[in-house]
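# Observations on the model geometry
Below, each chain spelled out in residue letters.
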Amino acid sequence: MNVKTAYTTLANGVKMPWLGLGVYKAEDGTEVEKAIHSALEAGYRSIDTASFYFNEEGVGKAIKESNVPREEIFVTTKVWNDDQGYEETLAAFDKSMSKLGLDVLDLYLVHWPVADKFKETWRALETLYKAGKVRAIGVSNFNVSHLEELMETAEIKPMVNQIEFHPYLTQDKVRAYCRENKIQVEAWRPLTKGDIFTNLTVKQIAEAHGKTPAQVLLRWNIEHQVVTIPKSVTPQRIVENSLIFDFELSVDEIRQLDQLNQDKRYGPDPDTFEL
């Protein structure tokens, strides 16, 4: 197994790569295009963007220029908070698709659970899914309370929940709820901005496997059945991040990393966020 062939299967049967490239804060134009070209050359088959990243045009251009067939690339984008609501989301989707230059999107996510709006936003995603414009739909940054509220009226369950996840924030309750409801968990900021690289436990495990701390953290995601999308614009780092399918962590190593949890967030708390 390698980055090109490692897939999970979502609840609706759609295959989603275990590893993808995140492009948050990658500048539209040359920077994001080069990052995607590097990733696709390294075997990545998943690209995660959002309207809020303001680089959908560059993402679309790089995918179009690549010699990888479109059907092999799993593309995710998200509806931003200001665009939530039923009609607003449908319009935002059209705008994103125009920028990406795609006919069908692989995964569309509700970026944050905006109170009093996310249910109507989800209804719009269901409409898009039923119309065949999106292969899978999901949410991002939803805690258990948000998921429970959504389920009260949802016709279709979210297939993915993208959350902040790393050994300092293990999100056990959210992951357990998602597992029970067949919602695939996906990690953003899996590398904690690099802060955790100097942690002694992480360093020792990395040395034991002849791997980098980043590779150990990404492998830990996979061991927990969590899709992961590390962000990088550095070709060498992009390749390095993909080399996580040739080793496994022991049960004890996974437990050691789990025990680093501090419920520490690098991003906003979905219960209190103001964006």
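Residues numbered from 1 in each chain as written. Predicted model: local features only at pLDDT ≥ 70, side-chain atom pairs only at ≥ 80, totals over all residues. Heavy atoms only, no water.

### A look at the UniProt feature "active site" (unreviewed entry) in the protein chain
Heads up, the rule is: UniProt positions are given in the numbering used here, feature names are shortened, and annotations may be inferred rather than shown by experiment. Per the convention used, a helix needs a DSSP run of H or I reaching at least four residues, while a strand needs a run of E reaching at least two, with both numbered from the N terminus. Only heavy atoms matter for contacts: two residues are in contact if any of them lie within 4.5 Å across the pair.
Per the UniProt record, the feature "active site" (unreviewed entry) sits at Tyr53. If you trace the backbone, Tyr53 turns up in the loop between strand 4 (46-48) and helix 2 (56-65). Leave out the neighbours within four places in its chain, and Tyr53 touches Val23, Tyr24, Asp48, Lys78 and His111.

### Observations concerning the nonpolar core
Among soluble globular proteins, nonpolar side chains are generally buried collectively. Selection rule: By convention a nonpolar core is built from buried Ala, Val, Leu, Ile, Met, Phe, Trp, Tyr and Cys residues, the set being connected through side-chain atoms within 4.5 Å. The rule is simple: take the accessible area with a 1.4 Å probe, protein chains only, and divide by the maximum for that residue type; under 20% is buried, over 50% is exposed, in between is partly exposed.
Core analysis: the biggest nonpolar cluster contains 85 residues, and Leu21, Val23, Ile36 and Tyr108 have the highest contact counts within it. In this view, Leu21 contacts Ala35, Ile36, Ala39, Tyr44, Ser46, Ile47, Asp48, Ile229, Pro230, Ser232 and Ile238; residues no more than four positions away in its chain are not counted.

### Comments concerning the environment of Leu90
Relative to the helices and strands, Leu90 is located in helix 3 (residues 86-100). Each C-alpha atom, one on Leu90 and one on Val79, is 9.4 Å from the other, the two residues being 11 residues apart in sequence. With near-sequence residues (within four places) excluded, Leu90 lies in contact with Ala124, Thr127 and Leu128.

### Some words on the side chain of Lys211
Looking at the element boundaries, Lys211 is found in the loop between helix 7 (200-209) and helix 8 (213-223). Leaving out residues up to four positions away in the same chain, Lys211 has contacts with Ala206, Val216, Leu243, Asp246 and Phe247.

### Some words on the pattern of salt bridges
Applied cut-off: Each salt bridge in this description consists of a side-chain nitrogen of Lys or Arg and a carboxyl oxygen of Asp or Glu lying within 4 Å of one another.
Taken as a whole, this structure holds 14 salt bridges when the rule is applied. Across the pair Asp106 and Arg135 runs a salt bridge, and its minimum N-O distance is 2.7 Å. Remark: Arg135 occurs in strand 7 (residues 134-140) and Asp106 occurs in strand 6 (residues 105-110); sequence separation between them is 29 residues. For Asp106, a relative accessible area of 4% translates into the label buried. On the basis of relative accessibility, which here comes to 35%, the residue Arg135 falls in the partly exposed class. Arg265 is paired through a salt bridge with Asp269; the nearest N and O atoms lie 4.0 Å apart.

### Re a negative patch on the surface
How we decide: Nonpolar side chains (Val, Leu, Ile, Met, Phe, Trp, Tyr) within 5 Å and like charges within 9 Å form the patches, drawn only from residues with over 30% relative accessible area and no salt bridge. Note on areas: these come from Shrake-Rupley sampling with a 1.4 Å probe, and a residue is covered only by the protein chains present in the view. In this count, Lys and Arg are taken as positive residues and Asp and Glu as negative ones, while His and the chain termini are left out. Positions of charges follow a simple convention, taking NZ of Lys, CZ of Arg, CG of Asp or CD of Glu.
Taken together, the side chains of Glu27, Asp28, Glu31 and Glu57 present a region of like negative charge at the surface. Among the structural elements, Glu31 can be located in helix 1 (residues 30-41). Owing to a relative accessible area of 34%, Glu31 belongs among the partly exposed residues under this scheme.

### Here's the deal with the packing of aromatic side chains
Each aromatic ring pair is specified by the distance between its two centres and by the angle formed by the two planes. Our working rule: Ring pairs shown here join Phe, Tyr and Trp side chains whose ring centres sit within 6.5 Å, with only the six-membered ring taken for Trp; geometry is labelled stacked below 30 degrees between planes, edge-to-face above 60, and tilted in between.
Tallied over the entire structure, the rule returns seven aromatic pairs. The interplanar angle of 50° and the centroid separation of 6.0 Å between the aromatic rings of Phe52 and Phe54 together place this pair among those described as tilted. For Phe54, a relative accessible area of 61% corresponds to the exposed category. Each ring, one from Phe118 and one from Phe142, has its centre 5.1 Å from the other, and the planes form 70°; the classification is edge-to-face. Here Phe142 lies in the loop between strand 7 and helix 5 (144-151) and Phe118 lies in helix 4 (residues 118-130), a separation of 24 residues in the sequence. The same class applies to Phe118 as to Phe142, namely buried.

### Considering empty space enclosed by the protein
Operational definition: A 1.4 Å probe that fits into a set of points on a 1 Å grid over the protein atoms alone but cannot get out defines a cavity; an open set with protein on both sides within 12 Å along at least five of seven lines defines a pocket, and lining residues are those with an atom within 4 Å of a point. Grid points are joined across faces, edges and corners, and a volume is the space filled by probe spheres set on the points. In this classification, the charged set is Asp, Glu, Lys and Arg, the nonpolar set is Ala, Val, Leu, Ile, Met, Phe, Trp, Tyr, Cys and Pro, and all remaining amino acids, among them Gly, are polar.
Following the criterion strictly, the structure yields one cavity of 30 Å³ or more and no others. Here the largest cavity is characterised by a volume of approximately 30 Å³. Forming the walls of the largest cavity are Asn141, Phe142, Asn143, Ile163, Glu164, Gln171, Arg265 and Pro270. Among the residues making up the lining of the largest cavity, the classes are represented as three nonpolar, three polar and two charged.

### What to know about the layout of surface pockets
The space that makes up the largest pocket amounts to roughly 730 Å³. In this structure, the largest pocket is lined by 34 residues; those nearest its centre are Tyr24, Lys25, Trp188, Arg189 and Lys231. In the lining of the largest pocket, the residues fall into 17 nonpolar, 11 polar and six charged.

### So, the packing of helix 7 against helix 8
Our working definition: For helices, the axis comes from a line fit to the C-alpha atoms of the stretch in contact; other axes are also lines fit to C-alpha atoms, and the angle between any two N-to-C directions lies between 0 and 180 degrees. Note on angle classes: values under 35 degrees are labelled roughly parallel, values over 145 roughly antiparallel, values of 65 to 115 roughly perpendicular, and the remainder oblique.
Following both chains from N to C, one finds helix 7 and helix 8 inclined at 95°, their axes separated by 8 Å at the closest point. Taken together, the axes of helix 7 and helix 8 lie roughly perpendicular to each other. For the pair formed by helix 7 and helix 8, the contact residues are Val202, Ile205 and Ala206 on the first element and Pro213, Val216 and Leu217 on the second. When its residues are assigned to classes, the contact of helix 7 with helix 8 shows six nonpolar, no polar and no charged.

### Focus on the UniProt feature "domain: NADP-dependent oxidoreductase" (unreviewed entry) in the protein chain
Here the UniProt feature "domain: NADP-dependent oxidoreductase" (unreviewed entry) sits at residues 24-261. Taken end to end, residues 24-261 is 44% helix and 14% strand, and its first and last C-alpha atoms sit 24 Å apart.

### Digging into the sheet that holds strand 6
Strands pair in a sheet through their backbones, by hydrogen bonds, and they do so in one of two ways: parallel or antiparallel. To keep it simple, the criterion reads: Note: two strands are recorded as paired if DSSP finds a minimum of 2 bridges between them.
Here we have eight strands laid out as an open sheet, ordered 3-4-5-6-7-8-9-10, and parallel in their pairing. One side of each edge strand has no neighbouring strand; the edge strands of this open sheet are strand 3 (21-22) and strand 10 (227-228). Contacts between helix 6 (residues 172-180) and the sheet are confined to strand 8 (160-164) and strand 9 (184-188), with strand 8 contributing the most and set at about 170° to the helix.

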